[in-house]
Amino acid sequence: MKIEAYVRSAATLLGQYDGAVPFASWLKEYFRKEKKFGSRDRRMVSTLCYAYLRLGGLFSERSAEERIALGWLLTEQDPASPLWAWKPEWALLPDRNSTERLQAIDPDADPLAIFPLHRHLSREIDSKAFSAAHLVQPSVFLRLRPGQEEPVKRKLDAGGIPLTVINDHCLEVPQGSKVDAVIELDREAIVQDRNSQRVPEQLMEAVPVGKKFTLWDCCAASGGKSILAWDHWSDVQLTASDIRETILHNLRQRFKRAGISNYQSFVADVAAAGFNSRRYYDAVLCDAPCSGSGTWGRTPEQLAFFPESRIAHYTDLQRRIAANAARFLKPGGYLLYSTCSVFTEENEAVVAYLQQEGGLTLRSMKYYKGYDEKADTLFAALLVRQF
Ligand SMILES: C[S@@+](CC[C@H](N)C(=O)[O-])C[C@H]1O[C@@H](n2cnc3c(N)ncnc32)[C@H](O)[C@@H]1O
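Residues numbered from 1 in each chain as written. Predicted model: local features only at pLDDT ≥ 70, side-chain atom pairs only at ≥ 80, totals over all residues. Heavy atoms only, no water.

By the naming in an unreviewed UniProt entry, the chain is RsmB/NOP family class I SAM-dependent RNA methyltransferase, taken from Flaviaesturariibacter amylovorans. The Sequence similarities (unreviewed entry) field of the UniProt record for the chain holds the comment "Belongs to the class I-like SAM-binding methyltransferase superfamily. RsmB/NOP family." (UniProt positions renumbered as here; feature names shortened; annotations may be inferred.)

Engineer: Can you break down the pattern of salt bridges residue by residue, with the values?
Structural biologist: Once their charged atoms are close, side chains differing in charge can pair, the charge on each being opposite to the other. Applying the stated criterion across every chain, the model contains 20 salt bridges. Here Asp-193 and Arg-298 are joined by a salt bridge, their closest N and O atoms 2.8 Å apart. Pair noted here: Asp-193 is in the loop between strand S4 (189–191) and helix H9 (201–206) and Arg-298 is in the loop between strand S8 (281–287) and helix H12 (302–305), with a separation of 105 residues, a long-range link. Judged by relative accessible area, which is 9%, Asp-193 ranks as buried. Across the pair Lys-330 and Asp-282 runs a salt bridge whose closest N-O atoms are separated by 3.3 Å. Remark: Asp-282 occurs in strand S8 and Lys-330 occurs in strand S9 (residues 329–339); sequence separation between them is 48 residues. For Lys-330, a relative accessible area of 30% translates into the label partly exposed. (Salt bridge = Lys/Arg side-chain N within 4 Å of Asp/Glu carboxyl O. Helix = DSSP H or I, 4+ residues; strand = E, 2+ residues; numbered from the N terminus. Buried < 20%, exposed > 50% of the residue type's maximum accessible area, 1.4 Å probe, protein only.)

Engineer: Can you explain the nonpolar core? Please cite residues and give values.
Structural biologist: With 80 residues, the main nonpolar core has Leu-13, Phe-23, Phe-115, Trp-216, Cys-218, Leu-335 and Tyr-337 as its most contacted residues. For this core, the domains that each give at least three residues are domain 1 (3–109) and domain 3 (196–385). Excluding its chain neighbours within four sequence positions, the residues that come into contact with Tyr-337 are Cys-286, Ala-288, Gln-318, Ala-322, Glu-346, Asn-347, Val-350, Val-351, Phe-379, Ala-380, Ala-381 and Leu-383. Of all hydrophobic cores here, the second largest spans 30 residues; its members include Met-204, Phe-213, Leu-215 and Ala-240. (Core = buried A, V, L, I, M, F, W, Y, C linked by side-chain atoms within 4.5 Å. Domains from an automatic or database assignment. Contact = heavy atoms within 4.5 Å.)

Engineer: Tell me about the site of the ligand, residues and numbers included.
Structural biologist: The full set close to the ligand counts 17 residues, and Lys-225, Asp-242, Arg-244, Asp-269 and Asp-287 are the nearest of them. Here an oxygen atom of the ligand sits 2.7 Å away from a polar atom, N or O, in the side chain of Asp-242. At 3.4 Å from a nitrogen atom of the ligand is found a main-chain nitrogen or oxygen belonging to Ile-243. Taking 610 Å² as the accessible area of the ligand by itself, protein coverage stands at 84%. Across the shell around the ligand, the residue classes tally to eleven nonpolar, one polar and five charged. (Near = heavy atom within 4 Å. Polar contact = N/O pair within 3.5 Å; in protein donor to acceptor, adjacent residues only side chain to side chain. Areas by Shrake-Rupley, 256 points an atom, 1.4 Å probe, with all protein chains shown as cover. Nonpolar A, V, L, I, M, F, W, Y, C, P; charged D, E, K, R; others polar.)

Engineer: Mind laying out the packing of helix H4 (residues 64–75) against helix H6 (residues 98–105), listing which residues take part and the relevant values?
Structural biologist: Contact geometry for H4 and H6: axes closest at 8 Å, N-to-C directions at 135°. Compared by their axis directions, H4 and H6 come out oblique. Residue-level contacts link Leu-70, Leu-73, Leu-74 and Thr-75 of H4 to Ser-98, Arg-101, Leu-102 and Ile-105 of H6. Here the contact of H4 with H6 is composed, by residue class, of five nonpolar, two polar and one charged. (Axes fitted to C-alpha atoms, helices over the stretch in contact; angles between N-to-C directions. Parallel < 35°, antiparallel > 145°, perpendicular 65-115°, else oblique.)

Right, here's the structure in full:
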């Protein structure tokens, strides 16, 4: 197919997408049904669709085909891409970064347009840099489990997977790397964003390694943060819960692969009015359901499709879950409240609520900023129950 035909196919396909399901699964299903696309066609059309989606609200007055071409220009990292031959007028641009390219093609364009909900951003976030970062695909990060640091690096090297060492426990590998072909995921390393690996830091500073303590991960999902806690505090007595049985099933399988057997787990709606955990804990990790707005670089369709009205839904849910969970802290116990959101309403405002209504005192709070690091931007706050 010619480039023009790829652009037309991408425009047709994007015109049918309504944001109801994640774009990645929608696209997979589309290609499954539309047999005419070979593997090279699928790759090209997918690249063009993502280039378009990364624009968010930028150039919204232009046609879909123009936006696809502009999106491709702003996101293309490969100097050998067919883009440069297709659009010779852009031939001077491959050496420049996305923001410089935007400036070169349209000096009046405002990168804030990429992130239409920027009015909700916390004041801690550099809104222009954060918005512009959506033009760059985030990386994949691995957390190396204790004792596996050197073996994993050796295996990745032997498997020809290029890696960047971020720190003793964290590696960056290119998107699409087949790491599971050379290492045992969950046993040797966990796929986990580099900032996600940092979210428990404030609790790690408060609770020394070697201290026996009880920790309840009340929104555990498949247990990414629980495994991290287990690796850091060898004496932790871990309890994990989630509202979804299916995801707890994944957690149990993952814990098995990770070699974790001594823990408790249960299904619970922690937001429910009559919720009772029947136990009190030294620490609670509340990694609450949220808009995910700090991770939309990985799901850029959300830039255009996430409904603004949904922020209030999450704020309400977060308040109820965190306040309910905090009721089961022992006096002096810690609540680590975290989200993958960059919105004030889901972060600072929930923390203020927990201080006013939840009998908690704020010890520290922080954004873990990923927009200059091809990583997610996340939030965590450490609160203490006084009595
Ligand atoms: C952000 S995810 C947690 C991610 C996990 N901590 C990790 O590191 O992989 C939030 C989880 O909260 C769960 N959840 C949503 N509403 C809940 C509720 N009312 N009670 C308990 N869990 C809930 C969701 O099912 C989801 O798995």
